[in-house]
Amino acid sequence: MIYQPEIKPANIQANIEVKHIATCRLPTEWGEFQMHGFEEVATGQDHVALTMGDIDDGEPVLTRVHSECLTGDALFSQRCDCGPQLQAAMQAIQAKGRGCIVYLRQEGRGIGLINKIRAYQLQDQGMDTVEANVALGLPVDARNFVLARNILHYLHVTDIVLMTNNPQKVATLEATGIEVVAREPLIVGLNKENEQYLQTKHDKLGHML
Ligand SMILES: Nc1nc2c(ncn2[C@@H]2O[C@H](COP(=O)(O)OP(=O)(O)OP(=O)(O)O)[C@@H](O)[C@H]2O)c(=O)[nH]1
Ligand SMILES: [Zn+2]
């Protein structure tokens, strides 16, 4: 438990039940993972987890809880650090031969792709990442991490070493019942385009950068 009292977890989050659908091999540039497909029971929204090695032996599992970022993860955007973080997490898991990536389809911190594009448009006009969401009448962070807990529990993972710079993610996961035994920073992908964005994440969202 590395909960820091000054960091408040997000409000008690709704339980989003998931069901496991299928699992396959996923050979990647960073080794072979198993890819597990899940669906939310209520909506059918899909999510995946990538795992490597034996993760159900009760030992803490090196884990990344990654939120979908189409622009950063797939389109090589330099507006954020998501793509390099995902890559670094996969590399770290390969180096250990054991770990888990929960890939949540909660694009744009949960506001969805189109709203993220709207928010980027406002950021092009001078707002920061927080101000843009507020100006759109949207939550700054609408993600639900109970979902991640449910996926981890399906995989028999209860104790994790979490790769993140976001202390609120640690606190929120702990509030869901996941034991975060340690945090590993993921400071990669800095560039001229995302300098200001990362500064805002540090100043307004408490990220440890
Ligand atoms: N609404 C909004 N979402 C963004 C923006 N930039 C990145 N995102 C989304 O933010 C999510 C990633 O969250 P981050 O705040 O970058 O990082 P984090 O997951 O909280 O913390 P780390 O574990 O350290 O990566 C992804 O879903 C991205 O699509 C933005 O300017 N506006
Ligand atoms: Zn991103």
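Residues numbered from 1 in each chain as written. Chains lettered and ligands numbered in written order. Predicted model: local features only at pLDDT ≥ 70, side-chain atom pairs only at ≥ 80, totals over all residues.

**Considerations on the site of ligand 1**
Applicable threshold: Think of it this way: take the backbone, place a C-beta atom on it, and check whether that atom is within 6 Å of the molecule or strand, in which case the residue is near it. The numbering of helices and of strands both runs from the N terminus, where a helix is a DSSP run of H or I of at least 4 residues and a strand a run of E of at least 2.
What surrounds ligand 1 is a group of 22 residues, the closest being Ser67, Cys69, Thr164, Asn165 and Asn166. Broken down by secondary-structure element, the contributors of at least two residues to the shell around ligand 1 are α2 (82-96), α3 (113-124) and α4 (129-135).

**Remarks on the sheet that holds strand β6 (residues 159-163)**
Let me state the cut-off plainly: Any two strands between which DSSP finds at least two bridges are classified as paired. The axes used here are C-alpha line fits, helices contributing only the stretch in contact, and every angle between their N-to-C directions lies in the interval 0 to 180 degrees.
Strand order across the open sheet formed by 7 strands is β1-β2-β3-β5-β4-β6-β7, with mixed pairing between neighbours. Of all the strands in the sheet, the pair left with one neighbour each is β1 (18-28) and β7 (179-184). Between one strand and the next, the sheet's axes are offset by a mean angle of 25°, whatever the strand orientation. Two elements, strand β3 (residues 46-52) and strand β5 (residues 99-104), share 5 bridges in a ladder whose sense is antiparallel.

**Considering α3**
Put simply, the rule is: For a helix, the expected span equals 1.5 Å multiplied by the residue count minus one.
Compared with an ideal rise of 1.5 Å per residue, which puts 12 residues at 16 Å, α3 spans 16 Å between its outermost C-alpha atoms and is within 8% of the ideal. One or two positions beyond α3, positive phi appears at glycine 126, with a value near 120°.

**Topic: the UniProt feature "domain: GTP cyclohydrolase II" (unreviewed entry) in the chain**
As a reminder, the rule being used: UniProt positions are given in the numbering used here, feature names are shortened, and annotations may be inferred rather than shown by experiment.
Summarizing the sequence annotation, UniProt attributes the feature "domain: GTP cyclohydrolase II" (unreviewed entry) to residues 21-184 in the numbering used throughout. With 35% helix and 30% strand, residues 21-184 has end C-alpha atoms that lie 30 Å from one another.

**Section: the confidence of the model for the chain**
We count it as follows: pLDDT is a residue-level measure of predictor confidence that goes from 0 to 100.
Of all residues in the chain, 94% attain a pLDDT of 70 or more, and the chain-wide mean is 94. Prediction confidence for the complex, expressed as pTM and ipTM, is 0.95 and 0.97 respectively.

**Some remarks on helix α6 (residues 167-176)**
Note the cut-off: Using C-beta atoms placed from the backbone, we call a residue buried if 20 or more other C-beta atoms fall within 10 Å of its own, exposed if 12 or fewer do, and partly exposed for counts in between. With C-beta atoms placed from the backbone, a contact is any residue pair whose C-beta atoms sit within 7 Å.
Taken as a whole, α6 has its buried residues at Lys169, Val170, Ala171, Thr172, Leu173 and Thr176. Those residues of α6 hidden inside the fold are in contact with β4 (61-67), α5 (146-154), β6 and β7. Note on α6: the residue one or two positions beyond its end, glycine 177, has a positive phi of about 110°.

**Concerning the nonpolar core**
In plain terms, the rule: Nonpolar core, as used here: buried Ala, Val, Leu, Ile, Met, Phe, Trp, Tyr and Cys residues forming one set through C-beta atoms within 7 Å.
Grouped together as the largest cluster of nonpolar side chains are 41 residues, with contacts concentrated most on Val102, Ala148 and Ile151. Elements represented by at least two residues in this core include exactly β2 (31-40), β3, β4, α2, β5, α5, β6 and α6. Broken down by element, this core gets its largest block of residues, 6 residues, from α2. If near-sequence neighbours (up to four positions away) are discounted, alanine 148 is found in contact with Val65, Val102, Leu104 and Leu173.

**Some remarks on the UniProt feature "binding site: GTP" (unreviewed entry) in the chain**
Using the residue numbers shown here, the UniProt feature "binding site: GTP" (unreviewed entry) corresponds to Arg64, Val65, His66, Ser67, Glu68, Gln85, Glu107, Gly108, Arg109, Thr129, Thr164 and Lys169. With respect to the element layout, arginine 64 can be found in strand β4. Counting through the fold element by element, threonine 164 comes out in the loop between β6 and α6. Beyond its immediate sequence surroundings of up to four residues, threonine 164 is in contact with Lys169, Val170, Arg183 and Leu186.

**As for the pairing of β3**
Buried residues dominate β3, accounting for 5 of its 7 residues. By the bridge criterion, 6 bridges tie β2 to β3 in an arrangement that is antiparallel. Counted as the bridge partner of glutamate 39 is aspartate 46 from β3.

**Thoughts on the environment of glutamate 68**
Considering the arrangement of structural elements, one finds glutamate 68 in the loop between β4 and α1 (70-74). Other than its neighbours up to four places away in sequence, glutamate 68 contacts Asp73, Tyr103, Leu104, Arg105, Gln106 and Glu107.

**Details of unusual backbone geometry**
Of note in the backbone geometry, arginine 109 takes a positive phi value of approximately 55° without being a glycine. Relative to the helices and strands, arginine 109 is located in the loop between β5 and α3. Residue classification places arginine 109 among the buried residues on the basis of 21 C-beta atoms within 10 Å. One non-glycine residue, histidine 156, lies in positive phi territory at about 65°. As for its position among the elements, histidine 156 is in the loop between α5 and β6. The exposed category is assigned to histidine 156, around which 11 C-beta atoms lie within 10 Å.

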